[in-house]
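Here is how the chains run, residue by residue.
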Amino acid sequence: MARRNLRKGMTMIGPTPGLRVKQLEVRTRKDSGRNRSRLVEVAIKQSNVTSPMRSSPLSTPSKHSRSPSKQHFWSVDDETNVADMAQPPIDPIRLPRTMNDYIREWLRHKEDLLRILLEMEAAPSPRNCTKCGKDGVYRCTDCMHQPLFCTDCCRILHEAHPFHRIQQWTGEFFEDSALHMTGFQLYLGHNGAPCPSASPGPEHGPSEGQRYKMDTRAGGMGMVEEEWEDIDEVPLHLRPPANSKYLTIIDVTGVHFVRVQPCQCLDADSYHRQLFQAKLCASTFEKPSTAFTFAVLDDFLRENLECGTSGMNYYSKLRRVTSNVFPHLVPNRYRELLRLARQWRVLKLLKWNGFQDETERSSPGDLALFCAACPQPGINVDPEVDLDDWKYTRTVVMDGNFKAEHMHEKRPDDQVWLMDGRGFMVAHPPYQEYLQATPHITEKSACHNHRAISQANVSRGKLSATGIGATACARHGCFYPHSVVDFQKGERQLNMDYSLSNALGYNMTGIKNVLCFYDINCSYMKNLRKRVNNSPFLHIPSSLQIVPGIGIWHVHGHKQECYARYAPLFLRGSGWVDGEIIETLWSILNIVSASTRGMSSPHRQELLDFQMNDSNFMKMIRIVDSLSRKLKAARASVAMARDAFTKLDEAVSSENRQVWSIQEESALGGRVRDVSVMDIFEIQLKKAPTVRAVELELLEAPSQRGTRQGAASWITRGLGIEESEITLAITRKDSSKYPSETKRLAMARRADRLAVDRSRFIADSQIYLAPLHQGTDADDYSSGMTDVAHHMSAGDDVVSGEEDSEGSMDEAADAVPLKMTKIAPLPLPSNFGIERCRAAGADELVEMELKLRIGQANDALHGLRIALADKAVAFRGVVRQATSYSMRTRAWQMVNSIDSSVRQQAAIYKRCREAMIALGADTDTLTRFQQLHKSHMAVHTAAFSQNAHDHRSSNLPWFWCMDIPRTTSSKNWLTEFYRIHWLRAKAVKDRWEEEEDLLVSEFHWTMNFFKFRAKKWNKKCVSFKAAGLHGAACYAARQKAVYDRLAEQGASKWLNMSPEILPLNQ
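Keep in mind it's a predicted model, so treat the numbers as computed, not measured. (Residues numbered from 1 in each chain as written. Predicted model: local features only at pLDDT ≥ 70, side-chain atom pairs only at ≥ 80, totals over all residues. Heavy atoms only, no water.)

**Re the overall build of the protein chain**
- Looking only at helices and strands, the protein chain has 32 helices and 24 strands in total.
- For the protein chain, the residues scored as buried account for 47% of the 1066 residues in total.
- Sequence separation of 24 or more characterises 72% of the internal contacts of the protein chain that already satisfy a separation of 6 or more.
- About 55800 Å² of surface is accessible on the protein chain, with carbon and sulfur atoms providing 51% of the total. (Helix = DSSP H or I, 4+ residues; strand = E, 2+ residues; numbered from the N terminus. Buried < 20%, exposed > 50% of the residue type's maximum accessible area, 1.4 Å probe, protein only. Contact = heavy atoms within 4.5 Å. Areas by Shrake-Rupley, 256 points an atom, 1.4 Å probe, with all protein chains shown as cover.)

**Focus: the sheet that holds strand β5 (residues 138-140)**
- Strand order in the open sheet made by the four strands is β6-β5-β7-β8, with antiparallel pairing throughout. Each edge of the open sheet is held by one strand with a lone partner, namely β6 (148-149) and β8 (174-176).
- Here β5 runs beside strand β7 (residues 166-169); their pairing, made up of three bridges, is antiparallel. The residue bridging Tyr 138 from the neighbouring strand is Gln 168, located in β7. (Pairing = 2+ DSSP bridges.)

**Description of the sheet that holds strand β15 (residues 290-293)**
- Across the sheet, five strands lie side by side as β9-β13-β12-β15-β14; this open sheet has mixed pairing. Of all the strands in the sheet, the pair left with one neighbour each is β9 (185-187) and β14 (280-282). Going from strand to strand, the sheet's axes swing by 40° on average, the running direction of each strand aside.
- In this sheet, strand β13 (residues 254-261) lies alongside strand β12 (residues 247-251) in antiparallel orientation, the contact comprising five bridges. Along β13, the bridge assignment pairs Thr 248 with Phe 257. (Axes fitted to C-alpha atoms, helices over the stretch in contact; angles between N-to-C directions.)

**Details of the packing of helix α10 (residues 428-437) against helix α12 (residues 493-503)**
- Between α10 and α12, whose axes approach to 11 Å, the crossing angle comes to 140°. Between α10 and α12, the interaxial angle falls into the category oblique. For the pair α10 and α12, the sense of crossing is right-handed. Where α10 abuts α12, its residues Pro 430, Tyr 431, Tyr 434 and Leu 435 lie against Leu 494, Asn 495, Asp 497 and Tyr 498. (Parallel < 35°, antiparallel > 145°, perpendicular 65-115°, else oblique. Left-handed = near helix turned anticlockwise from the far one by under 90°.)

**Some points on the pairing of strand β22 (residues 545-549)**
- In terms of burial, β22 is a largely internal element, four of the five residues being buried.
- Summarising the sheet, strand β21 (residues 513-517) and β22 pair through five bridges and their orientation is parallel. Each bridged residue has a counterpart across the sheet, and for Leu 515 the counterpart in β22 is Val 547.

Take it as geometry only, folks, not as evidence of what the structure does.
Written out as structure tokens, the structure reads:
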């Protein structure tokens, strides 16, 4: 509105003398609800201005203006006097620039930049060496400003940069060249100077006319001298030095052929040691011909960690860096890269963990890094404190990942394990021994048919491992060392038992309580102690109290009672945790999972261990910022939760408060022995009746005089026929335009069976509705009946959802009316009308059908809830996870099938409600069974984030709470309503208060962890110095400084954030 008003009375002009420019900020509100700010420059007419050169500095369009026209506006209503001219100029308001603003700015310079880029292809004039002034022949593309050198200067100045890429001037252009063509040699030892003991050799300059052929060994692409054969010419810079020994060195700048001159002194180290001291890792120890720089190995590990780049893709990149036109002529050292990368990973892990040599005793998980914020007695927690306190409870989460598959190996007996069991994957021999000695016992689940249980014994012939199972800390998302196991079939309990047993034995001395989250804990935890006691390979202390829980997303896929029994909201001491953090860890691990599928078992283990260790390391260095954000959010949420609970608590009588408090304390205290006591957090009233329950009640009740036996079953049969006809009509509508012959035949058979059932039902109606049929033709009763097709059309208000640009999903869309053939109504009391039934004395049949219609409506709404929930789950777990066209096609077929179920249930419910009205249902019944609208069919995947604030404040449609019958007395219902809300509001308040206390403690434990690590490295530094290991002592001192700096940053963050709380060194 402000923008439109501002434009009134303004004329768009260009730069004009005698005008003073002001910048005004205009705020507009878009249709989406977002505010947008932009600057508008207003030119104000000034008087007594003699010189146009004395205009305001703001008289030119500001580069910060976001006005599309970049023009000025002049207002005839806003003149100024001379006094205004004396005022200082107004500083422009700086608004953030968008990416498109920067791209538009680049477009103005595009041609100029392209011209500079092309000019860099030419040689400078004069073409002289930048060092000595001689004729410049070579230029280095890796040196700053691409300096031009003569041959001698290029060779001498690159002694410290032997892996730079150079180009040679041909007279017309620069072509790729190599340093070995200048006569460059790499000297080992003596700080890069030639060895004085070496015998002088001939000078080797660039060779001409040498022919080469491809080396076919092991799929290689190396070059060997051979007589000319009928192959293409190899470019000169891709040819190794002729008539001399050379080494193929791989660096981040590509593949290089380098003449290497080792030290030949009497006390010189071996050749491979000299190479390693020069930061070159030889591929072999006997007569190495290939070496990799430390830089390229580090770069490959980083690419593999961050981007998931496989060894093949990485080396393919190096070949293109070497020669973008002839990458296929570059030597192939892919196998050497994989082998050296394995060795390099282990060396880095040994170095990072302070291992000087293999004489030090190794233990499971000793090369792995664990969480800094979890309580670990003797590390970040004083073992003398009372560890029975709830704050020292370990919170773990278990889950399986079926992306980390592994194929059968060709030579399983010929394996070399470099760090078996010292990382996160469990040791191979003990685990295999455990699997052979432990039978898998299939346990039937009392809950829903979860995939982790139903597919536990699914075997896949081509895979030795169908996935992995892991245990992580549920609050911070750090993998537990020596707890990751392979799945041989599905997600079996014996696999997860081994993972949990190893995790609960890691730095747990003195810990008495554990909160364990797992997707199927309602079944898994029942016989855990029995399985542990029966296995000599498993050990969980009997004194360790394990409280089971289910993540907030997965718990909604369980039976209704599982929510109160296992949801994190009702777990004392859990804080505000969702129990689903391990799902985010799989996305990190899946970056490299695909590349490990065909690796050997040791290589796969080392790669996964390295990836998980890096994940824990990134968690550690960011833990302070994470705890700070969580603590700020917790403080705000605690205040909100307390205020909400106080308002609710004030409306409760003291008697009810006392009773409910006793119920809560009794349930929380007894849940370890029997989780069913947590059912007090659920509604205790009787559930709504179904059609079967109503029919059973009518059949068991004594029949009244005048009512024929079997009337209730006859009406139920009619309702079933009606449902089948509605379902068939919608199925026909949802089928494709040209369905297959098989599908058409199936639908025709269904229609034929329904026609037979309809005929029998109409024939039986002569028995039960004889008074209504007297004096009436066979088709007269259909004249006044409701058009069923109308109701089914109204039930088609739900269509498939789409995902918007912001990633949220709303399944409500425009209605598509259902066009179906008319379905003749059945001779039911609701189709005759209540007046006609009463006149014929069929009041008992009217009452029967009304009760059955209520049960049928309950069944339809229950089916509608299940279908909508399935649809949300399908979008979150199937559609969004689909990675290929075929997977997405199958996913959307699943969604369309669920859509059809939604339409069927909605149509059946609407037919029931119309029948209730025709049968004279009272106001209470019609108030309870409300009319369905399109907005009621909307389903958001956020509904599964129970802990989200937006979900807590949102209102679900009325039929989501239809299990609570309105026939309950108002007093009991209100009491039950307040009880449930009071208990859950108190649970929210308690969890947030626990979260705040836990975060404060975790901040202290994190600082203690950093100090412990600093002291540990300081001790190593002292011991290394005493042993004369100066390099190891320097590295230990550097590591100590790193942890000291982390501790200082954490303390500074704490003081800036929490000056009112206890000091950090308490």
